[in-house]
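Structure assessment
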2 protein chains.
Amino acid sequence: MDAPEISVIPKPLLLERGSGEFRFGSHTPVTLRNGLPELGPEGYRLTVDADGVTFEADTPAAVFHAEQTLRQLLPPAALREAGGPDTWPLPHVQIIDAPRFRWRGVLLDVARHFLPKREVLRFLDLMALHKLNVLHWHLTEDQGWRVEIKRYPRLTEVGSWRRETLGDGRPHGGFYTQDDIREIVAYAAERHITVVPEIDVPGHSTAAIAAYPELGNQDVPAAAGPREVWTRFGIATTVLNVEDATVAFYQNVMDEICDLFPGDYICLGGDECPKEEWKASARAQQRKAELGLSTEEDLQAWFLHQISAHVAAKGRKLLGWDEILEGALFPGTVVSSWRGTEGAVEAARRGHDTLTSPCTWVYFDYRQSDAPGEPGAPWAAPTTLERAYAFEPVPEDMPSDLASHVIGSEATLWSEYMPSPRVVDYQAWPRLCAFSETVWSGAERDYDEFRGRLVKHLERLDALGVEYRPLEGPRPWQEQPAARWRAEEAE
Amino acid sequence: MDAPEISVIPKPLLLERGSGEFRFGSHTPVTLRNGLPELGPEGYRLTVDADGVTFEADTPAAVFHAEQTLRQLLPPAALREAGGPDTWPLPHVQIIDAPRFRWRGVLLDVARHFLPKREVLRFLDLMALHKLNVLHWHLTEDQGWRVEIKRYPRLTEVGSWRRETLGDGRPHGGFYTQDDIREIVAYAAERHITVVPEIDVPGHSTAAIAAYPELGNQDVPAAAGPREVWTRFGIATTVLNVEDATVAFYQNVMDEICDLFPGDYICLGGDECPKEEWKASARAQQRKAELGLSTEEDLQAWFLHQISAHVAAKGRKLLGWDEILEGALFPGTVVSSWRGTEGAVEAARRGHDTLTSPCTWVYFDYRQSDAPGEPGAPWAAPTTLERAYAFEPVPEDMPSDLASHVIGSEATLWSEYMPSPRVVDYQAWPRLCAFSETVWSGAERDYDEFRGRLVKHLERLDALGVEYRPLEGPRPWQEQPAARWRAEEAE
């Protein structure tokens, strides 16, 4: 067997190929040496020569990244679970590598459609292969609550499933026990991935309100919004009320969440919170007056502040969507800018770190082409692979002295249009291959050169059984009759 | 942490618990000694005492079974992928164990609904935990052809997907490349599981005919049966023609199948082949006359003989469903008796080995209760867990001198009513736990005692993320509105 072509994704800083080849087996030892300090905590040098494989790396994360690169130097078949030869050809090479950003995230929405634990673990494996290191885990929604909270069992008993989806007549649901969560967090940690849980408040909370109606604005007629776990998609007008008891409820929830997720960050959402209910609720208006607040936006900021302060008192930092810029920001909160990148600039101006996640560039629930059978959110312009690859994490209009506030980016996999793990595969890959280079590799990018490497890389995804979107378009059974989704949306 | 209760499934021959406990970690060595000859090739003795763990076993399969038992002696959390302590408590115990039958099979139908490779690998893991050792892999059907055949690429290009299912307007499909097949077979072999492929002929072949119309009875009006990959369920009247070219086609297919699957057995199906087309086809009638045959049943036997002889010439043995008893049996063919157990008795009388797989006992696509929301085939009486546990592999009316012809049994997971891996989990577990005892453990069984052990065993399935049917009935999101399936069936 010939030594394989070299096509590492994400692209390393520097790669120099030698002329020889080394035979590598699962028991071949790897020499480990001190790293090069200038490469930072995640950087490494990987050398393959006649003596074998050497990693120069100073941290377990850097060693892990070197291992992931090594896997990509082997033939694709080496990634299969069984059936290979004893040794594989490994080209002589020197690679020097380090990431551009420290936060290389993917949002995984398991609330609109549940993903079984095994699929979350597999997703972590695939993230690791691409050197992505933050799983932003969207766990609660109008359409479902996915994490067991011991103090409030109805959150999962009632909130973890819905009667049907878009009128299909079939129940859908599922949740992770606390043991499942600890397993997933530990599995991620072994892969140097931090899991950032998102408990979205005060909007996107219909499932919680269905479980505990006292969390909702009960003096507003139910007809104003859904009060069962929502069976449709969109922005629900149903939101949490602003009672002290509701604040206390979520503080208690956060106590359990902070115990389960040891990472530095907790996401409180804060996005898409319509103010209709608070405007219509006499009780919410009374609370606004009691608290000395003048607008509903102030009420939202007050609510988020109460939860944020509680979480911050445990030594954690907060993450929220750019809507939280409408009110006072809790100190140290990181802002994820999704409605364009203006929020990132604004956050940086206000002295906050920020993530860029602009929907028209890195929302991978959007379609990958505008062909009729292309799956994905039908109402948005497509995000092609080429466009995903052209994403630049630092906004053009970010003042250069504030650019260091951009600590990274996140691609998102919102799951309204991803009813099964097979569809998640289709939407995530290969767009996340492109995204991984935008956050790991240098700012200089050449799409044609990337595409050449990707063709080889897709053989790896084949070996791993990933049902990605082929470059030429969906396989026949991956097509989604667009008319069907559109009709469902219009219902 | 206390030493765990002992509740091994399938139940070992003999289990004696001691009073102490040993701390076992992932690096703890296990002592391996020669086995006890009277326990046969798969039997083992497993001892845990103050000195640690000892296996007495003579074959890799026996050592593997001992390891699976050991996993069940650990606390359930030890089965999780990550996050446990360094060592676990292991009770002092002596276990002597050996299987009752050598063929402990499960039929997995990936043709009516495709299962991605990862789900097949996971299913093999779960089979191994329950000491099931034959995966009867149903790869071709009216509704889809799932295995790449290099010589006939249209079998997967055309045959691996259908336009829709029961009028749902969504395409469905997928297939395994030959590399995928080799990986799965190797992965199974590492777990001492043999994969027996089924290429079903001459019925259940609409997907192949859609790909290569010349395989069908082209002189019969198309209106007589489906000619595209079938989008409905039931018994299609569309069947293969009886031309020499069709025989040669399938002999060529079998050449590739035999290369991919190194096990002793190949299944040719042979079930549910309606004779309407052959009766209506002038060409089939002409062939019958040419071949000197008098009935359409003879035509079927002739067809199967041609393929069987070709496969047998490669040193393989044949497996077929009990319908093949309607004609002359090819020498050495094993008969799987599914329409009751009469076929098993008949096969044994004719000197053939046989598997029992009676549909009213071990067809796990049937419902697990008759409650309104219970998923599964709505037209069959339920197969409860208790009934599954009461299955006796040797038919009552099998003459005792022929009983040794019963080499084992197979449970089946036909997938018309299993549109996703989550539903496969629900139907398979815990009924396969019960089935595993009927084929591994002794003939004496006490359901209440089993149920007590099962309650503990379900904690293992929880740790493994298996979405089994809870003993008290489906979780809300596992319910299947019966009315919906019935309406679809009636269409």
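See the structure above.
A brief structural summary. (Residues numbered from 1 in each chain as written. Chains lettered and ligands numbered in written order. Predicted model: local features only at pLDDT ≥ 70, side-chain atom pairs only at ≥ 80, totals over all residues. Heavy atoms only, no water.)

**Observations concerning empty space enclosed by the protein**
Residue and element names in this part refer to chain A. Counted under the stated rule, the structure contains four cavities of 30 Å³ or more. Considered as a void within the structure, the largest cavity measures approximately 180 Å³ in volume. Around the largest cavity sit 20 residues that line it, and Leu304, Ser308, Ile324, Ala328 and Phe330 are the ones nearest its centre. When contributions to the lining of the largest cavity are tallied by element, the ones reaching two or more residues are strand E13 (265–269), helix H9 (296–312) and strand E14 (317–321). If you tally residues by element for the lining of the largest cavity, the top one is H9, at six residues. Grouping the constituent residues of the lining of the largest cavity by class yields nine nonpolar, eight polar and three charged. (1 Å grid on protein atoms, 1.4 Å probe; cavity = no way out; pocket = protein on both sides within 12 Å on 5 of 7 lines; lining within 4 Å. Points joined across faces, edges and corners; volume = space filled by probe spheres on them. Helix = DSSP H or I, 4+ residues; strand = E, 2+ residues; numbered from the N terminus. Nonpolar A, V, L, I, M, F, W, Y, C, P; charged D, E, K, R; others polar.)

**Quick look at unusual backbone geometry**
With an omega of 0°, the peptide bond running from Ile9 of chain B to Pro10 of chain B counts as cis. Considering the arrangement of structural elements, one finds Pro10 of chain B in the segment before strand E1 (14–25). A cis amide bond links Trp429 of chain B with the next residue in sequence, Pro430 of chain B, at an omega value of 10°. Looking at where Pro430 of chain B falls in the secondary structure, it is placed in the loop between helix H13 (421–428) and helix H14 (431–440). Backbone geometry at His192 of chain A places phi at a positive 60°, although glycine is not the residue there. Taking the relative accessible area as the measure of exposure, His192 of chain A reaches 28% and is therefore partly exposed. (Buried < 20%, exposed > 50% of the residue type's maximum accessible area, 1.4 Å probe, protein only.)

**Focus: helix H8 (residues 282–290) of chain A**
Residues and elements named next belong to chain A. Ala284, Arg287 and Lys288 are the residues of H8 that are buried. Buried residues of H8, viewed axially, fall in a sector of 100°; they line one side. Turned more than 90 degrees away from the buried face of H8, the exposed residues are Ala282 and Ala289. (Arc of directions from axis to C-beta.)

**Description of the interface of chain A and chain B**
With 45 residues of chain A in contact, the opposing surface of chain B contributes 45 residues. Together, Arg118, Arg170 and Trp477 of chain A form the three largest contributors to the area buried by chain A at its contact with chain B, with a combined 21%. Applying the counting criterion to the chain A and chain B interface returns eight salt bridges. Close ionic contact of Arg118 of chain B with Glu119 of chain A constitutes a salt bridge, the shortest N to O distance being 2.7 Å. At the junction of chain A with chain B, the criterion picks out twelve residue pairs in polar contact (both at pLDDT 80 or more). Here the side of chain A that touches chain B takes six residues from helix H4 (residues 178–190) of chain A, the largest share from any one element. Of the residues contributing to the side of chain A that touches chain B, the split by class is 16 nonpolar, nine polar and 20 charged. (Contact = heavy atoms within 4.5 Å. Buried area = accessible area lost by both parts, 1.4 Å probe. Salt bridge = Lys/Arg side-chain N within 4 Å of Asp/Glu carboxyl O. Polar contact = N/O pair within 3.5 Å; in protein donor to acceptor, adjacent residues only side chain to side chain.)

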